[in-house]
Amino acid sequence: MGNSNSEVSRRRFLTASATGLVAAGLANLTPGATFAQITEKETAGSTDNIIYRTLGRTGMKVPVVSMGAGACNDPSVLQAAYEVGMRHYDTAANYQFGANEQLVGSVLHRMGVRDKCIIGSKIYTPQQRRNLTTEQAKKKLMSLTEGTLKRLKSDYVDILYIHMVDNRDTVADDAIREAMARIKADGKARALGISTHTNMADVIDEVAKDDFWDVVLTSINFTMADDTALLTAINKAADRGVGFVGMKTMAGGGRWPNPDTRQSYDQPTITAALLKWVLNNKNIHTIIPGFNNHQHLREDFAVATNLTLTDMEKRFLSDNNVKLGMGFCRQCRKCLASCPNDADVPTLMRTHMYAAQYADFYLARQALAEISGHKGITACVSCDACAVVCANAVNVRERINELKLMYA
Ligand code: SF4
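A.B. asks: It is not clear to me how the site of the ligand should be interpreted in this structure. Could you clarify?
C.D. replies: Around the ligand, a shell composed of C329, R330, Q331, C332, R333, C335, P346 and C390 is seen. Split into classes, the residues belonging to the shell around the ligand amount to five nonpolar, one polar and two charged.

Shown next as structure tokens:
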């Protein structure tokens, strides 16, 4: 990192961050501790304090906090992320109709730092891989990869993921593996990965059966603390050398907590607690919180220098009302069989998260289009059968009614 302008900018940024916390009165939240324990004194040397982990067998070293760039449309935020020390950007071919890959590619290209950064991108969504023959699948993967490279302005992508995998068959699929192996052998992808936010334990267990997939991008957050199948699968795969990137780390509602939660906890405490909880699992090598402004960048990256939970953050994580208030749908799909009208409740809950919490209506539309083999919004008649089986207190009735107002 040296004494580059970037380092100067990073120091200035972190100093501003700490000063802002003092100005906001957050430094006195708990006796003897401040948010992420960043003080002016520590900030002076904080470039050396960024915590790095190695992404499994890829050998790539990444700061524990990376950028989920998917919702970002401001080049200055991407540039600032690099300047403070972020080195890993996550995007996807279908984010913002390809414009997100273009943004990431053009900013890193303009800054002349492509070779200093790790870009992860995702291709081949469930809709794109439906009903293809083996040959069609291989061709599709090749052409999607070319499109991604063109938009990224790069002749390689560091991690190329198969997007939204929710079953073992896709992980083991010969056509996918053959095409992806070819892409890697041609130098177009340095590492191959699977992204998953549904049925994660099964998907990860399948990944751990051999050494084909290098990285898993998985949904993980504090509402899953009791999901022993997932946590065990992660440990097993990490022991085998799989690199893990965490997403959905803020349980969908971290930036938009319900009013009751906000009365008891300020936003920096909520952000730090949620991100630190994930990173206190050493097998999660980095996380990709999404942000589109400088304030959220500051809040998220502050965690990269100190993972110790403050007393207030511990209180937040152990507050049962917080978890109940969030009502995060962890996509366990246990409620599917309970619906007498065959509604795809988990996909509807993910649609709601994208629309109401991310304000990303394109992703919401895409999630709706994924529904196959089950029924959509109008099948729900608010009978609450799913609420009986849901261990995560997801308010399905309220959320589907909101979706009906938007889409039905
Ligand atoms: S609504 Fe509840 S039971 Fe249904 S998938 Fe989500 S967390 Fe699981």
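There is more to say, and it comes next.
A.B. asks: Looking at this structure, I do not really get the packing of helix α8 (residues 200-207) against helix α9 (residues 228-240). What am I missing?
C.D. replies: How two helices sit against one another is set out by the angle between their axes and by the gap between those axes. At a minimum axis separation of 8 Å, α8 and α9 run at an interaxial angle of 20°. As summarised for this structure, α8 and α9 are arranged roughly parallel, according to the angle between their axes. Here α8 runs over α9; the crossing is left-handed. Contact with α8, carried on its side by M200, A201, I204 and D205, involves A229, L230, A233, I234, K236 and A237 of α9 and no other residues of that element. Here the residues of the contact of α8 with α9 sort into eight nonpolar, no polar and two charged.

A.B. asks: How should I be thinking about the sheet that holds strand β4 (residues 88-90) in this particular structure?
C.D. replies: Each strand in a sheet pairs with another by means of backbone hydrogen bonds, the pair being arranged parallel or else antiparallel. Overall, parallel pairing links the eight strands, which are arranged β3-β4-β5-β6-β7-β8-β9-β10 in an open sheet. Each edge of the open sheet carries a strand with a single partner, namely β3 (67-68) and β10 (286-287). Sheet topology places β3 next to β4; two bridges connect them, and they run parallel. Paired with G68 across the bridge in β4 is D90. Packing of α8 onto the sheet brings it into contact with β7 (189-196), β8 (215-219) and β9 (243-247), and relative to β8 it is tilted by some 170°.

A.B. asks: Any chance you could explain the pattern of salt bridges here in plain terms?
C.D. replies: In a structure, side chains of opposite charge can pair up when their charged atoms sit close to one another. Counted by the stated rule, this structure contains 22 salt bridges. Between K276 and E313 there is a salt bridge; the shortest N-O distance is 2.9 Å. Here the residue K276 occupies a position in helix α11 (residues 267-279), and E313 occupies one in helix α13 (residues 311-318), the gap between them amounting to 37 residues. Under the relative-accessibility criterion, K276 is labelled buried at 0%. Residue class for E313 comes out buried when judged on its relative accessible area of 1%. R333 is paired through a salt bridge with D344; the nearest N and O atoms lie 3.8 Å apart. In this pair, R333 is assigned in the loop between α14 (320-326) and α15 (345-357) and D344 in the loop between α14 and α15, connecting sequence segments 11 residues apart. Its relative accessible area of 3% is what places D344 among the buried residues. One continuous salt-bridge network, built from bridges that share partners, spans R57, K184, D211, D214 and R240.

Each value, and the rule that gives it
Residues numbered from 1 in each chain as written. Predicted model: local features only at pLDDT ≥ 70, side-chain atom pairs only at ≥ 80, totals over all residues. Heavy atoms only, no water. Near = heavy atom within 4 Å. Nonpolar A, V, L, I, M, F, W, Y, C, P; charged D, E, K, R; others polar. Axes fitted to C-alpha atoms, helices over the stretch in contact; angles between N-to-C directions. Helix = DSSP H or I, 4+ residues; strand = E, 2+ residues; numbered from the N terminus. Parallel < 35°, antiparallel > 145°, perpendicular 65-115°, else oblique. Left-handed = near helix turned anticlockwise from the far one by under 90°. Contact = heavy atoms within 4.5 Å. Pairing = 2+ DSSP bridges. Salt bridge = Lys/Arg side-chain N within 4 Å of Asp/Glu carboxyl O. Buried < 20%, exposed > 50% of the residue type's maximum accessible area, 1.4 Å probe, protein only.

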